[in-house]
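# Tertiary structure, described
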Amino acid sequence: METKEIKFNPENIDLALAKEAGDILARGGLVAFPTETVYGLGANALDEEAVKKIFLAKGRPSDNPLIVHVADEKDVEALVEEIPEKAKLLMRHFWPGPISIIMKKSNKISDYVSAGLQTVAIRMPSNPVAREIIRAAGVPIAAPSANTSGKPSPTEAAHVREDMLGKIDMIADGGSCDVGLESTVIDMTADVPTVLRPGGITLDMLEAVLGEVHAAKGSATQDEAPKSPGMKYKHYAPKAEVHILEYKTDATNALAKLVAQAKQDGHTVGILTDDKDYMPCGAQVYINGGKTAEEYAANLFDALRAFDAKGADVVYAPLRWQDPIMVAVRNRIYKAAANRVTYTEE
Ligand code: AMP
Ligand code: MG
C-alpha cells in the first residue's frame, strides 16, 4: 500500500488537507496524526473493519482496547451509557487535553474497540491538527499510538514513517508532540476514580478536581497495572538493553563503574542524560534527555529510538527528579528497562 504523507502547519491548519485526511477515515482507511501526547493511528471507531486494520498494522494484541477520540464534548453522549457527574467535571477541567476517561460503553462501541470490555476510554485531544482531522472525519476516531506494538511511541512523524510506511493510508505530519507521553487513563466506573496509566495530567491535578483518587498498582510506581490491559505487554523497548540508575545528587562515580564494566563486556554504551554532564563516565554515545523533567518527558521516546540508530546496545539512564510528571516518565522508562534498576545513595 502507498502511504501518502502530508504536512500541516499547526499554527495555520489547511482545512482542505484536514478534509482529505478526514475523508480517508470516513471511508474506512487508516491515518496517523499528531496529538499533544504522541502520534495516533486513527480509524473510524464505528467501523469494525477499519478498527481491525489498526490491530494488523501495529501487530497489536486483540485484547488491548483502543481509546476513542472525539472533536467535541457533545460527541461523547452516544458512545457511553451515561456520563457520570465526576466525568463531566474532568472534561470541564482537562479537555481538550491529555486525559482519557473510561466510562460504561453504549452499544455503538464494538467489542473490537473495547477488546471485549463493557467500558470505553474517551479523549478529546487539544492538538489543533488532531481536532481538525477528527472534525473533518465526522465520526469518533479510535486511535492507539502509531508505533509497532512494543516499540517506543512515536513523537515525530519520522517515527511513524519508520514503523508504518506502506501499512497505512496517510501520515499527517504536524511536527513534534508537546507532552511526549501517552495520555493519563482514568477509570470513572470504579467506586473511587482510579488512574490506570499515569500521564501529563498528574495525580495531584486530578485530586484537586475530584477529591479522592486511587492509583492502580503500577500507575504510581514502576510495577504492572493489570487493570489497564495494555500495560501488561512489553512496551517502549528499543533494541538496546536499558538500565536505570536511581541516584540522589551525583551519579558520576556509580555510572563510570557501570560503563567500564559494560565496555569490558564488549558493549557500546550510551547514556541518556538529565541536566548533568556525564562526559567523564566514558560512554560512547550520549543523548540529551533534557534540562527539566518536562523536557525529559517530551524527549524520552525519541531518545530511546535514537540509541538504536547510533548503535548503543546498552543504555544507562540516571534518574533523580521527583517532579509530578516523573511518575509517568518512570512508568514508561522502567518498562523500557524491563525493571532493570540500580540504586545509589550518591
Ligand atoms: P495506546 O492508545 O496504545 O496508548 O493504549 C491505550 C491504553 O489505554 C492501553 O493501556 C489500554 O489498555 C488502555 N485502555 C483503553 N481502553 C480501556 C478500557 N476500556 N479499560 C481499561 N483500559 C483501557
Ligand atoms: Mg501504545
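Residues numbered from 1 in each chain as written. Chains lettered and ligands numbered in written order. Predicted model: local features only at pLDDT ≥ 70, side-chain atom pairs only at ≥ 80, totals over all residues. Heavy atoms only, no water.

## Points about the overall build of the chain
Just so we agree on the cut-off: Strands are runs of DSSP state E lasting at least 2 residues, helices are runs of H or I lasting at least 4, and numbering of each runs from the N terminus. Only the C-alpha atoms count toward the radius of gyration. The rule for a globule is 2.2 Å times the residue count to the power 0.38. When a residue's accessible area, from a 1.4 Å probe over protein chains only, is under 20% of the maximum for its type it is buried; when over 50% it is exposed; and in between it is partly exposed. Residues are treated as being in contact if the distance between any of their heavy atoms lies within 4.5 Å.
On a plain count of helices and strands, the chain comes out with 10 helices and 16 strands. In summary, the chain has a C-alpha radius of gyration of 20 Å against a globular reference of 20 Å for 346 residues, a match within 12%. Seen along its three principal axes, the alpha-carbon backbone of the chain occupies a region of about 60 × 50 × 35 Å. Split into buried and exposed, the 346 residues of the chain put 56% on the buried side. Put simply, 67% of the contacts in the chain that link residues at least 6 apart link residues at least 24 apart.

## Here we look at the packing of helix α9 (residues 293–309) against helix α10 (residues 326–336)
Here is the rule we go by: Lines fitted to C-alpha atoms define the axes here, with helix axes fitted over just the stretch in contact, and angles between the N-to-C directions of these axes take values from 0 to 180 degrees. Should an angle fall under 35 degrees it is called roughly parallel, over 145 degrees roughly antiparallel, and 65 to 115 degrees roughly perpendicular, with every other angle called oblique. Working rule for handedness: look at the near helix, and if it is turned counterclockwise from the far one by less than a right angle, call the crossing left-handed; if clockwise, right-handed. Gly falls in the polar group here, along with every residue not listed as nonpolar (Ala, Val, Leu, Ile, Met, Phe, Trp, Tyr, Cys, Pro) or charged (Asp, Glu, Lys, Arg).
The interhelical angle for the contact between α9 and α10, taken along N-to-C directions, is 20°, at an axis separation of 10 Å. With respect to α10, the element α9 is oriented roughly parallel. Between α9 and α10 lies a crossing whose hand is left-handed. Facing Ala-293, Tyr-296, Ala-297, Leu-300, Phe-301 and Leu-304 of α9, the residues of α10 in contact are Met-326, Val-329, Arg-332, Ile-333 and Ala-336. Among the residues making up the contact of α9 with α10, the classes are represented as 10 nonpolar, no polar and 1 charged.

## Side note on the sheet that holds strand β7 (residues 141–142)
To keep it simple, the criterion reads: Pairing between strands is defined by DSSP: at least two bridges between the two strands are required.
The sheet built from 11 strands is open, its strands ordered β1-β8-β2-β3-β7-β4-β6-β5-β9-β10-β11 with mixed pairing. Each end of this open sheet is capped by a strand with a single partner; those strands are β1 (4–7) and β11 (214–215). Of the strand pairs in this sheet, strand β2 (residues 31–33) and strand β3 (residues 40–44) are connected by 3 bridges, and their pairing is antiparallel. Across the sheet, Ala-32 pairs through a bridge with Leu-41, a residue of β3. In the packing of helix α2 (residues 48–58) onto the sheet, contacts are made with β3 and β7, and the angle to β3 comes to roughly 155°.

## Section: the pairing of strand β8 (residues 170–173)
Both faces of β8 are covered, namely the face carrying Met-170 and Ala-172 and the face carrying Ile-171 and Asp-173. Examined bridge by bridge, β1 and β8 share 4 bridges and lie parallel to one another. Looking across to β8, one finds that Lys-4 is bridged to Met-170.

## Examining unusual backbone geometry
With omega at -10°, the peptide bond leading from Trp-95 into Pro-96 counts as cis. Among the secondary structure elements, Pro-96 is positioned in the loop between α3 (85–94) and β5 (99–104). Phi is positive for Ala-338, close to 45°, though the residue is something other than glycine. Structurally, Ala-338 is set in the loop between α10 and β16 (341–343).

## Remarks on the packing of α3 against helix α7 (residues 203–210)
Contact geometry for α3 and α7: axes closest at 10 Å, N-to-C directions at 120°. With respect to each other, α3 and α7 are oriented oblique. For α3 against α7, the interelement crossing comes out right-handed. Residues Lys-86, Leu-89, Leu-90, His-93 and Phe-94 of α3 pack against Met-205, Leu-206, Val-209 and Leu-210 of α7.

## Some thoughts on the pattern of salt bridges
Filter applied, for reference: By definition, a salt bridge exists where a carboxyl oxygen of Asp or Glu is found within 4 Å of a side-chain nitrogen of Lys or Arg.
Going through the model one piece at a time under the given rule, you end up with 18 salt bridges. The residue Glu-36 makes a salt bridge to Arg-123 at a minimum N-O spacing of 2.9 Å. Note that Glu-36 is positioned in the loop between β2 and β3 and Arg-123 in strand β6 (residues 119–123), a separation of 87 residues in sequence. A relative accessible area of 2% means that Arg-123 is categorised as buried. Residues participating in the shared-partner salt-bridge network are Lys-151, Glu-162, Asp-163 and Arg-305.

## Notes on the nonpolar core
Applied cut-off: Remark: nonpolar core denotes a set of buried residues (Ala, Val, Leu, Ile, Met, Phe, Trp, Tyr, Cys) joined through side-chain atoms within 4.5 Å.
Counting residues in each nonpolar core, the largest one holds 47 residues, and the members touching the most others are Leu-41, Val-76, Ile-101, Met-103, Ile-122, Ile-186 and Leu-206. Elements supplying a minimum of two residues to this core: β3, α2, α3, β5, β6, α6 (157–164) and α7. By residue number, the principal contributor to this core is α2, which donates 5 residues. Discounting chain neighbours no more than four positions away, the residues touching Ile-122 are Val-68, Val-70, Val-76, Leu-79, Val-80, Trp-95, Ile-99, Ser-100, Ile-101 and Met-103. Leu-181, Tyr-296, Phe-301 and Phe-307 belong to the second-largest nonpolar core, a separate cluster that totals 30 residues.

## Here's the deal with the side chain of Lys-58
This is how it is decided: When charges are counted, Lys and Arg contribute as positive and Asp and Glu as negative, whereas His and the chain ends are disregarded.
By secondary structure assignment, the location of Lys-58 is in helix α2. One buried charged residue, Lys-58, forms no salt bridge at all, with the nearest opposite charge on Asp-163 at 7.4 Å. Excluding residues that lie within four positions of it along the chain, Lys-58 makes contacts with Leu-41, Pro-144, Ser-145, Asn-147, Thr-148, Ser-149 and Met-164.

## Section: the sheet that holds strand β14 (residues 285–288)
As summarised here, the arrangement of the 5 strands in space is β14-β13-β15-β12-β16, forming an open sheet in which the pairing is parallel. At either margin of the open sheet sits one strand with a lone partner, and together these are β14 and β16. Taken pair by pair, the neighbouring strands of this sheet meet at an average axis angle of 20°, ignoring direction. When strand β12 (residues 241–246) meets strand β15 (residues 314–319), the two strands line up parallel, connected through 6 bridges. Directly across from His-243, in β15, lies its bridge partner Tyr-316.

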